[in-house]
Amino acid sequence: MPAMARISPWHKGVRDIFASVLAIIVIVGAMVAYPHFKATAISPRQAADAPKDRASIELAPGSATGLRMDAAVMQRMGIKTATVRDARLVETLRLAGTLTLDAGRLQQVRSRFDGEVVEIGKTGADSHPILFGDHVTQGQLLAVVWSRDLGEKKSELVETLAQLDLHTRTLTRLKQLYANGEVPERQYRDAEHDVQENEIAAARALRTLQTWRVPDEEIAAVKTEAARLIAGQGKPSEDLTQQWARVEVRAALNGIVLERNIAVGDIVSSEDDLFKVADLTQLRVLAYAYEEDLPRLDKLTSAQRRWTISVPTDPTLPHQEAAIDQIGHIIDPTQHTALVMGWIDNSAGRLRAGQFISATIDLPPPGNEAAVPRSAIIEKGGESLVFVQTSPEPVFIRRSVSVSRQVGQTTCVRIQPTPAQELSVQPLRPGEIVVVSGAVELQQALTDLTATTPEKTNVP
């Protein structure tokens, strides 16, 4: 007789553990499933009433999409109704965006002439030289550049004016002598030519200074110095000649210094940005609207093109209402958005360029809309369906409607369908009564009835 297999203590321990785990799984599964079974269990009375309720529902006379029942069945099925309202819902459109500098309020400060930086402007009397972040005012001196080209061109004008005066006086004397036959004609014509050359040179030097936008007072000072030398009232002033090379670089607007790129002794050209100054009291708002929202934005009147700007990263900042300045004409191919632009006041200086913002726009109702609770709509096969109570009996007629938009838990339906929808969609008007609870059950009952009586209806 074969010996019985012996079970080792180790195998027995594993078996016991496995049995315990299996028992725990079964108990937990029962606890989890019990509420579901309890909620879905049908009481004997409900089970008895269901066939009775279904038998008490019939197709409405003369309608292939209508149902008729008594009030008791309606109550037992939990069917609730609501009145269709005229939709006057203002929809809020939220756009994300950023703040940027206004290009019209940003000055890239440059010297009009090449030269050497010999001085940096100061923020005030006995204060430090202008630095990044300092506030400057329009016309304030930012830097001084010594330009050899400017000094030479002013000196050239003085020299040309002096030569013109000398040759003009010479021509005046020769003109009288030539009239008396005391000098040859060639000498007289050469004098005329010298005067003409000096007039052209003086005009050229003057136009060059004007083209360089040298201030009129500086040009007048050069002419005054030339007149003094012509009158023989002394030698050329060294100090004045040195001042002719001085180029003052000044701020063109009130603002904040965003960049300072020079130091004393630097050699700069007319293409270098010495400073960047920006007026930050007003910032540009750039928000991004999705392509599908653009038609409604385009329909806004100039008075309706308003938005409220907030800064999500700083809730302490007050919300600002401002005007929408422009809606972009180019769609970003990646995000399918267009720029929506405007301005925001920053007189307090608490906003910063590059900051993220949120812009909210109130879109007025488009009209031709009725409002129903979202639960009233049944989506079936690409159609939007509702059941409309047409009599107190009650009788419920199913309609296919045109949904225009969703606002929270409210669905907006077109009162009058578009011409392209008239063959497949029916109107839904304010004041009518629709089913808002139990619509799915009515749809199932209608499907069952039409399936059992195919000869009376063509509804699937």
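This one's a predicted model, so the numbers in the text were calculated from it and none came from an experiment.

Conventions we followed
Residues numbered from 1 in each chain as written. Predicted model: local features only at pLDDT ≥ 70, side-chain atom pairs only at ≥ 80, totals over all residues. Heavy atoms only, no water. Pairing = 2+ DSSP bridges. Helix = DSSP H or I, 4+ residues; strand = E, 2+ residues; numbered from the N terminus. Buried < 20%, exposed > 50% of the residue type's maximum accessible area, 1.4 Å probe, protein only. Contact = heavy atoms within 4.5 Å. Axes fitted to C-alpha atoms, helices over the stretch in contact; angles between N-to-C directions. Parallel < 35°, antiparallel > 145°, perpendicular 65-115°, else oblique. Left-handed = near helix turned anticlockwise from the far one by under 90°. Nonpolar A, V, L, I, M, F, W, Y, C, P; charged D, E, K, R; others polar. Core = buried A, V, L, I, M, F, W, Y, C linked by side-chain atoms within 4.5 Å. Expected span 1.5 Å × (residues − 1). Arc of directions from axis to C-beta. Salt bridge = Lys/Arg side-chain N within 4 Å of Asp/Glu carboxyl O. Patch = residues over 30% accessible without salt bridge, like charges linked within 9 Å, V, L, I, M, F, W, Y side chains within 5 Å. Areas by Shrake-Rupley, 256 points an atom, 1.4 Å probe, with all protein chains shown as cover. Lys, Arg positive; Asp, Glu negative; His and termini not counted. Charge placed at Lys NZ, Arg CZ, Asp CG, Glu CD.

(A) Just the sheet that holds strand S24 (residues 410-414), in detail. Spatially, S4-S19-S24-S23 is the arrangement adopted by the four strands of the open sheet, whose pairing is antiparallel. Where the open sheet ends on each side, the last strands, each with one partner, are strand S4 (85-86) and strand S23 (403-407).

(B) The arrangement of the environment of Pro318 in detail. Take Pro318: it is sitting in the loop between strand S15 (306-310) and strand S16 (320-327). According to the relative accessible area criterion, Pro318 is exposed, its value standing at 56%. Non-local contacts of Pro318, meaning those with residues more than four positions away in its chain, are made with Ile309 and Arg350.

(C) Expanded view of the packing of helix H4 (residues 148-179) against helix H6 (residues 216-230). Look at H4 against H6: their axes get within 9 Å of each other, and the N-to-C directions meet at 40°. Here H6 runs oblique to H4, going by the angle between their axes. Between H4 and H6 lies a crossing whose hand is right-handed. In this structure, H4 contributes Lys154, Leu157, Val158, Leu161, Ala162 and Asp165 to the contact, and H6 contributes Glu218, Val222, Lys223, Ala226, Leu229 and Ile230. Partitioning the contact of H4 with H6 into residue classes produces eight nonpolar, no polar and four charged.

(D) Layout of the sheet that holds strand S9 (residues 141-146). One open sheet holds the four strands; their spatial order is S10-S9-S7-S12, and the pairing between them is antiparallel. Each edge of the open sheet is held by one strand with a lone partner, namely strand S10 (246-250) and strand S12 (267-268). In terms of strand pairing, strand S7 (residues 115-120) meets S9 through four bridges, oriented antiparallel. Following the sheet pairing, Glu116 is matched in S9 by Trp146.

(E) Layout of the nonpolar core. Val136, Leu142, Ile262, Phe275 and Val277 are the most contacted members of the largest nonpolar core, which has 29 residues in total. Elements with a minimum of two residues in this core: S7, S9, H4, helix H5 (185-211), H6, S10 and strand S13 (275-278). In terms of nonpolar packing, the next biggest core, distinct from the first, is built from 25 residues, Val285, Ala289, Leu294 and Leu363 among them.

(F) Geometry of helix H9 (residues 439-452). Given a rise of 1.5 Å per residue, 14 residues ought to cover 20 Å, and the 20 Å separating the end C-alpha atoms of H9 matches this to within 8%. Listed in full, the buried residues belonging to H9 are Ala439, Leu442, Gln443, Ala445, Leu446, Leu449 and Thr450. Seen from one end, H9 has its buried residues packed into an arc of 160°, which puts them on one side. Counted as exposed and oriented over 90 degrees from the buried face of H9: Val440, Ala451 and Thr452.

(G) Up close: the pattern of salt bridges. Under the criterion given, the structure shown has 19 salt bridges. For the salt bridge of Asp102 with Arg105, the shortest nitrogen-to-oxygen distance reads 3.2 Å. Each of Glu119, Arg246, Glu248 and Arg250 takes part in one network of salt bridges that share partners.

(H) Inspection of H4 at higher detail. Look at H4: 46 Å from first C-alpha to last across 32 residues, which is about the 46 Å you get at 1.5 Å a residue. All of the buried residues along H4 are Leu150, Gly151, Lys153, Lys154, Leu157, Val158, Thr160, Leu164, Leu171 and Leu174. Buried-residue contacts for H4 involve H5, H6 and S10. One or two steps after H4, the chain reaches Gly181, where phi turns positive at roughly 75°.

(I) Layout of the packing of H4 against H5. At a minimum axis separation of 8 Å, H4 and H5 run at an interaxial angle of 155°. Considering their axes alone, H4 and H5 lie roughly antiparallel with respect to each other. The hand of the H4/H5 crossing is left-handed. Broken down by class, the residue content of the contact of H4 with H5 amounts to 15 nonpolar, seven polar and nine charged.

(J) Representation of a negative patch on the surface within the structure. On the surface, a cluster of negative charge is made up of Asp114, Asp149, Glu271 and Asp272. Along the chain, the position of Asp149 falls in helix H4.

(K) Molecular detail of the pairing of strand S22 (residues 395-401). With respect to burial, S22 is a largely interior element, seven of its seven residues being buried. The two faces of S22 match: Val395, Ile397, Arg399 and Val401 on one face and Phe396, Arg398 and Ser400 on the other face are all buried. Relative to S22, strand S21 (residues 383-391) is paired through seven bridges, and the arrangement is antiparallel. Paired with Phe387 across the bridge in S22 is Arg398.

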